Each structure stands twice: as structure tokens, then as C-alpha cells.
Protein chains: 2
Amino acid sequence: MIIDVHGHYTTAPPQLQAFRDAQLAGERTTMAPVSDDELRASVENNQLRVLRERGGDVMIFSPKASGMEHHVPDPGVATDWARASNDLVHRVVGLYPQTFAAVAQLPQTPEGNIDAVVHEVRRTVGELGFVGVNLNPDPSGTWTGLPLTDPSWFPVYEVLEELDAPAMIHVSTACNPNFHTLGAHYLNADTSVFVQLLMSDVFDRFPHLRLVIPHGGGAVPYHWGRFRGLAMRNGWQDPADLFRNVFFDTAVYHQPGIDLLLKVVPASNVLFASEMLGAVRGADPETGIEWDDTLRYLDGATLDDVERARVLHDNALLVYPGLAGRFA
Amino acid sequence: MIIDVHGHYTTAPPQLQAFRDAQLAGERTTMAPVSDDELRASVENNQLRVLRERGGDVMIFSPKASGMEHHVPDPGVATDWARASNDLVHRVVGLYPQTFAAVAQLPQTPEGNIDAVVHEVRRTVGELGFVGVNLNPDPSGTWTGLPLTDPSWFPVYEVLEELDAPAMIHVSTACNPNFHTLGAHYLNADTSVFVQLLMSDVFDRFPHLRLVIPHGGGAVPYHWGRFRGLAMRNGWQDPADLFRNVFFDTAVYHQPGIDLLLKVVPASNVLFASEMLGAVRGADPETGIEWDDTLRYLDGATLDDVERARVLHDNALLVYPGLAGRFA
């Protein structure tokens, strides 16, 4: 069984974006009805087809990351938007319970909106069976908030520990022209959060908290020596200590990158992921391989059977215990 | 001949920092005298010793990057600080003309201070024989300025083209608690600037401009497939097209990182660099190799003689023509 831990519902029926547009226009509205057939069509020709064609079995599925737009300051808007987005993902999971498992968008705002965030974690993970959440370390989109290690974030970690669910660290749209959202902002966030964690005692406080850093950990594996050297010079913990709680996914879109990831990071801390349909679409004209067909790069990598099993499913079942009831 | 293109004067005599402190305290002051013996002592036990011990011959030497502090808004303060810092580096070069070549700090401010920047380029490169400059893509330290592709930066590129000198893209201290300066901000800047350039026509406008992106290009080589895929999807130029004008250094502190860099980036675009004495100091207890002894990683990499010659000196002489008079 092959579990892709990082898929986004980038193909939702247009009613979702219409609702969002109305919301942002200040209208008090609800989403127009979406039929089950529309939901089926939205994934059967997209994520579901691609997953099956490539030999995948299960996809952990969350609302479109760049669409979370946590920079919009109104807490009510954020809460309604997260609920609508999550409810739609939940319905997709209900239609394909053998294929999809849900991860929630949180109603974050630049000011935090933490009570509503905790409430949505309880509603989605505690009540609806979501297996995790996406936590945005930069709800402002301009990095005007506090690091993930600030105590203001602790209520989120408390509820995640209580419910035994992980968070993927995932920013949304950048609101700064220096940072292309998919090309720079996503990777910068991955790197920045890793250093925040490295300098902190968050995992002493929350020893059961599990965080997945996507996009292969940003720049971290490539600069692993830099982080080890900085940690020793500054008296921080050893970067490898974070592997009790931190996991990287395989959303790295070429063979040399995947090879580096697997060389530097233990197989126990790498989770198979494609991020599809996400940042890149289409195939490399030089190889014919679709950029985000990361299973092909794993096939081309040096992994023994135990390591391969860990990356493709064992780790996912450990990190996302909510999967176990349905997919063990 | 082995040329290290990325060394910083992090060991300047204390008069320099005392001057800076007085400046920031609002005093109208000049730097206390520094003797040649003090300058010699400051490098002979540091950069010069380490360079020689490791078998290097030449170091391109610039003021301490984190100390540039372009976020201080006063243009006069920025100009005086850059001049003082550059003049000290210039004196070191004068004492060791067979070993050091100078790269200038620019008097950038969050508002630009572009006339003074151009003036300092002319003074250092045009008059004093500096071989390049460090250009900060984020003088604010909070990324509140415009991307390097905005026309407001063009006067800098014009003078660099005119003087046939390159710029290393190098941020200074981060003024945002989310970004550790050496661990995250430096790497994020490298990645962000690469994407800015990828989306732009800067090199159509300035075909002779040469930019060096340090720290192995941030996250770029690790995510090379992502950038190729994004470029194709968005109709940007091919990332490899940037190799006419963009070069990466080897300030990557472990063997797998250097191996990836050399696998992904043509040897014609990689410049040997240590960044010492910089972000990391000391040795890896597992290998005994000093983190920033990047020559050891190059020795361990798969490079033929031509490639090795390019990385260790040929490329440096092409990118920094100012070296040629003394070190050809």
C-alpha cells in the first residue's frame, strides 16, 4: 500500500471559489450546492486518476494551500472559509473512503484566531475523522507574526497532542513581491521553521507533537552540515534530535534532490508525497517523467525493502494514526 | 592557484565596532586609528592562517555581512559605515596583495540610497581596485523593499556593467524573529532572488551583469526540478538560461550537499568558496573536517581536471576580471 501524504484539492468545483469571492466582497452568503457527481468529476479526472495511474493507493487530501489566505484578518471570514473548504474535502473522503483521508485547513488569521483554530481542530480531527491539519507558520503572508515556538501557538500543539494528530507546516499565498509563493515562499517557510524548532524546546514541552515539513524540508537537507555546525557553535540541540518529532516529505521534483534527501535524512523520517495537483504540472521533456511523479524518483533511489516500506507507508501510519483504522 | 571567492572580515580590530557603536548612538565621530600591526594580527591568526593551512592561495575578502546592517535608515550613517568598513578591507589587501582581493560593502538603506551606492561602487571598484561588491537584496532586513528586478535597482547594474565587476547577492542581519540570520535568512534570500531573476528580463537588459548567489544557491540546486517545472508551467525562461549570468558558490558544509551542487549546476557556474570565518566554525566530530573546509568536499567530489580547475580558479578569473591583473 502506497500512501501519498501531500495532496491538495486544487480542483474543487467552482462553487467553492465563488463562495470565497462573495465572502471577500463582504457578502453574507453560503456556498451554492455541490452535487456528489460534481465532486466525483473534480477528482476522478485529476488527483484520483493520477494517483491510480502512478500506482498509489491512498492520498492524504487537504484544501488548496495557496487558497487558505490566512492574511485576511476577519476571524469570522477565516472560520467560515476553513469550514467550507474542510467540509468539501470531507465529502470527497466520504465518496472515496478507501482512497482519501482528510487533512484540515485551519481558520488562522494574522492575529491568530487561536480559539477558533482549536475548535476547528476538534471539529475536523476529533469529530469528522480528519487525520491531521495544515498549520500555517506565517498567517500574515508577510511574516509579521511570531515564530512557531512562541507560546501563543501552544494551544494548537496541546490539542494536536491530545488528539494524537500531526500538523503539516504549510504556508499559503505570499503577500510580499519578493517571494514567489510556490517558488520561494513555500521553501523559505520550510527552512525557517526548521531553524525555529532547532533553537527551541518545543518538543520538550510537547514530546508527542509530530510536525511534517513538506517540500523535502526546504533547503534543510542540502545544508545539513550548516545546521549541524550552527547548532554546535550556538549550543542548540543536534538537528538529528528533531527526528523524534519532525518528518520531511518527498515533494522534491528531480532524482538528485530525492537522492540527497534519502542520503541525509533517515528513512524513518521521510514520507512519500507528490503535492499533486500542486506547484508543478506536466512532464520533464528530458526524461518524460511528470515533475511531481515522485514515486519514479523513489524507484530510482537506493533504498532497501525496509526503508522503502517506511517511506511509502509505514511512516505515514505512525505519523498519522488516524489512518490506521481504515488503512492499516 | 586556488581562489576562495567568499571570505568575510569578521575579525576586524575592535576600533571598527566601536566606531559603529558610536555611530548608532548618534555621535559624530571617526574611527580610532588602527595600526598595520593590528590589521596583520587580525587576519594572520584567522582567515590568512586558515586559508594557507587548507592550501588556498587567494581570498576575495569583504566586510562582515551580518554587520552591514542596511536596515539603519540614515543615508549618511550608511555611507560612513560602508566607507569605514571598505577602507579597512582595502588596507588589508594592501598588506597582503598576493593573497587578498577586496569586495565592497554598499551604503544601502531601506529607501535605497542608490546615488551613494553607485558612488561607493565607483570609489571602491573604479578607483581602489576592488573586484566586486556585495549587494543586499533586502536592505530593510524585513523584506519591505522591492525585488532586485525592479527598475529602482538598475543604476547599480549599470555601473557594475560599466566597470565589468560582479555582485555577490548577500543579505545582512534579519530584522524578523522568524528568520535566524545565518540559518534561515541567508538561504531564503538566495532562493528568493533566484526566483526573482527567473521571472524577469533583467539579463536581457543587462547582458553583461554577473551575479554570484552564495551558500550554494540556497535551496535552488536541491529543488532544481521544481524550478524547471515552475518555469515551464508559467512560461518563464529555462532556469539554465540564468547560467549565462548567475553563479553559485560552494559554501555548503557537507559532502552530500557539494555532490548535489556539482551534479545539478555546470562546473562553469560553481565558484569555490568557504564563507570563512563565517556562519559555522569548528569541525564535524564525525569526520574531523572543519565545517567550512569546503575544499575537502571538493576533493571528495567527482570532478575531472578541467571541471576542478574551473571551480577552483578559472571561473573566478572570468567572473571577477579585476583579479586578472594580479592573479592571472
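I will try to describe carefully the structure that is included in this document. Positions within a chain are numbered from 1, following the residues in the order the chain's sequence is written. For this description, chains carry letters from A and ligands carry numbers from 1, given in the order in which they are written. Local features in this predicted model are restricted to residues whose pLDDT is 70 or higher, and side-chain atom pairs enter the listing and the counts only when it is 80 or higher, whereas totals over whole chains, interfaces and linings include all residues. Remark: hydrogens and water are excluded; side-chain values derive from all non-hydrogen atoms of the structure.

As for the overall build of chain A
Line of reasoning, step 1. Secondary structure assignment for chain A yields 13 helices and eight strands.
Line of reasoning, step 2. Expressed along its principal axes, the backbone C-alpha trace of chain A runs to roughly 55 × 45 × 40 Å.
Line of reasoning, step 3. Burial classes: relative accessible area under 20% of the type maximum marks a residue as buried, over 50% as exposed, and values in between as partly exposed (1.4 Å probe, protein chains only). Taking all 328 residues of chain A together, 62% fall into the buried category.
Line of reasoning, step 4. Within chain A, residue pairs in contact and separated by at least 24 positions form 76% of the contacts whose partners lie at least 6 positions apart.
Line of reasoning, step 5. On chain A, roughly 11,500 Å² of surface is accessible, and the fraction owed to carbon and sulfur atoms is 49%.
Line of reasoning, step 6. Charge counting treats Lys and Arg as positive and Asp and Glu as negative, with His and both chain ends excluded. To locate a charge, take atom NZ for lysine, CZ for arginine, CG for aspartate or CD for glutamate. Each charge class in chain A was averaged separately, 23 positive and 41 negative side chains, and the resulting centres sit 1 Å apart. A run of H or I in DSSP becomes a helix once it reaches four residues, and a run of E becomes a strand once it reaches two; helices and strands are each numbered from the N terminus. We call two residues in contact whenever any of their non-hydrogen atoms come within 4.5 Å of each other. Per-residue accessibility takes into account occlusion by the displayed protein chains alone, with areas from the Shrake-Rupley method and a 1.4 Å probe.

A few points about the nonpolar core
Line of reasoning, step 1. To define a nonpolar core, start from buried Ala, Val, Leu, Ile, Met, Phe, Trp, Tyr and Cys residues and group those joined through side-chain atoms within 4.5 Å. Ranked by internal contacts, the top residues of the largest apolar core, which has 198 residues, are Tyr157(A) and Tyr157(B).
Line of reasoning, step 2. Discounting residues that sit within four places of it in the chain, Tyr157(B) has contacts with Leu135(B), Leu148(B), Val202(B), Phe206(B) and Leu209(B).

Observations regarding unusual backbone geometry
Line of reasoning, step 1. With an omega dihedral of -10°, the bond running from Met276(A) to Leu277(A) counts as a cis peptide bond.
Line of reasoning, step 2. Here Leu277(A) is to be found in the loop between strand 8 (270-271) and helix 11 (294-299).
Line of reasoning, step 3. For Trp143(B), which is not a glycine, the phi torsion comes out positive at approximately 55°.
Line of reasoning, step 4. Take Trp143(B): it is sitting in the loop between strand 4 (132-135) and helix 6 (154-163).
Line of reasoning, step 5. The phi angle at Asp164(B) is positive, at roughly 55°, despite the residue not being glycine.

Overview of the pairing of strand 3 (residues 100-105) of chain B
All names here are of chain B.
Line of reasoning, step 1. The element strand 3 is largely enclosed, with a buried count of six among its six residues.
Line of reasoning, step 2. Examined bridge by bridge, strand 2 (residues 58-63) and strand 3 share three bridges and lie parallel to one another. What sits directly across from Phe61, in strand 3, is Ala102.
Line of reasoning, step 3. Handedness rule for crossovers: strands pointing away from the viewer, path from the first strand over the helix to the second running clockwise, crossover right-handed. As for the winding sense of the linkage, the β-α-β connection from strand 2 through helix 4 (residues 75-95) to strand 3 is right-handed. A pair of strands is considered paired only if DSSP assigns at least 2 bridges between the two.

Description of the pairing of strand 1 (residues 3-9) of chain B
Residue and element names in this part refer to chain B.
Line of reasoning, step 1. For strand 1, a buried count of seven out of seven residues is recorded, marking the element as mostly surrounded by other parts of the structure.
Line of reasoning, step 2. Judged from the five bridges that link them, strand 1 and strand 2 form a sheet pairing that is parallel. Along strand 2, the bridge assignment pairs Ile3 with Val58.

Side note on helix 2 (residues 36-44) of chain A
Residues and elements named next belong to chain A.
Line of reasoning, step 1. Along helix 2, the residues classified as buried are Leu39, Ser42 and Val43. With its buried residues spanning 85° around the axis, helix 2 presents them on a single face.
Line of reasoning, step 2. Looking at the buried residues of helix 2, the elements they touch are strand 1 (3-9), helix 3 (47-53), strand 2 (58-63), helix 4 (75-95) and strand 3 (100-105). To obtain the arc, one takes the directions from the helix axis to the C-beta atoms.

Brief notes about the interface of chain B and chain A
Line of reasoning, step 1. Between chain B and chain A, the residue contacts involve 57 residues of the former and 57 residues of the latter.
Line of reasoning, step 2. When two parts are put together, the accessible area they lose, computed with a 1.4 Å probe and summed over both, is reported as buried area. Carbon and sulfur atoms make up 60% of the surface buried where chain B meets chain A, a total of about 4,700 Å² over both sides.
Line of reasoning, step 3. Considering only the side of chain B, the residues that lose the most area to chain A are Asn178(B), Tyr222(B) and Arg226(B), jointly responsible for 19% of the buried surface there.
Line of reasoning, step 4. Counted as salt bridges are all cases of a side-chain nitrogen of Lys or Arg within 4 Å of a carboxyl oxygen of Asp or Glu. Along the contact surface separating chain B from chain A lie six salt bridges.
Line of reasoning, step 5. N or O atoms within 3.5 Å of each other form a polar contact, as long as, within protein, one can give a hydrogen and the other can take it, and as long as residues adjacent in sequence are counted only when both atoms are side-chain atoms. Our count for the contact surface shared by chain B and chain A stands at 32 residue pairs in polar contact (both at pLDDT 80 or more).
Line of reasoning, step 6. At the level of secondary structure, the elements contributing two or more residues to the side of chain B that touches chain A comprise helix 7 (181-198), helix 9 (224-234) and helix 10 (255-264) of chain B.
Line of reasoning, step 7. Take the side of chain B that touches chain A: its biggest share by element is 10 residues, from helix 7 of chain B.

Quick word on the relation of the copies chain B and chain A
Line of reasoning, step 1. Overlaid copies result from least-squares superposition on C-alpha atoms, with residues included only where pLDDT is at least 70 in both. When chain B is fitted to chain A, the best match, at an RMSD of 0.0 Å, comes from turning it 180° and sliding it 0.0 Å along the axis. Classification of the inter-copy transformation places it as that of a two-fold axis. Within chain B, the C-alpha atom positioned nearest to the axis of rotation is that of Ala219(B), 2.2 Å from it.
Line of reasoning, step 2. Same-surface contact between copies: 100% of interface residues of chain B are shared with the interface of chain A.

A few points about the environment of Leu260(B)
Line of reasoning, step 1. Inspection of the secondary structure assignment puts Leu260(B) in helix 10.
Line of reasoning, step 2. Given the relative accessible area of 4%, Leu260(B) is considered buried.
Line of reasoning, step 3. For the pair formed by Leu260(B) and Pro221(B), sequence separation is 39 residues and the distance between their alpha carbons is 7.1 Å.
Line of reasoning, step 4. If we ignore the near neighbours within four places in the chain, the residues touching Leu260(B) are Tyr222(A), Pro256(A), Gly257(A), Leu260(A), Pro221(B) and Tyr222(B).

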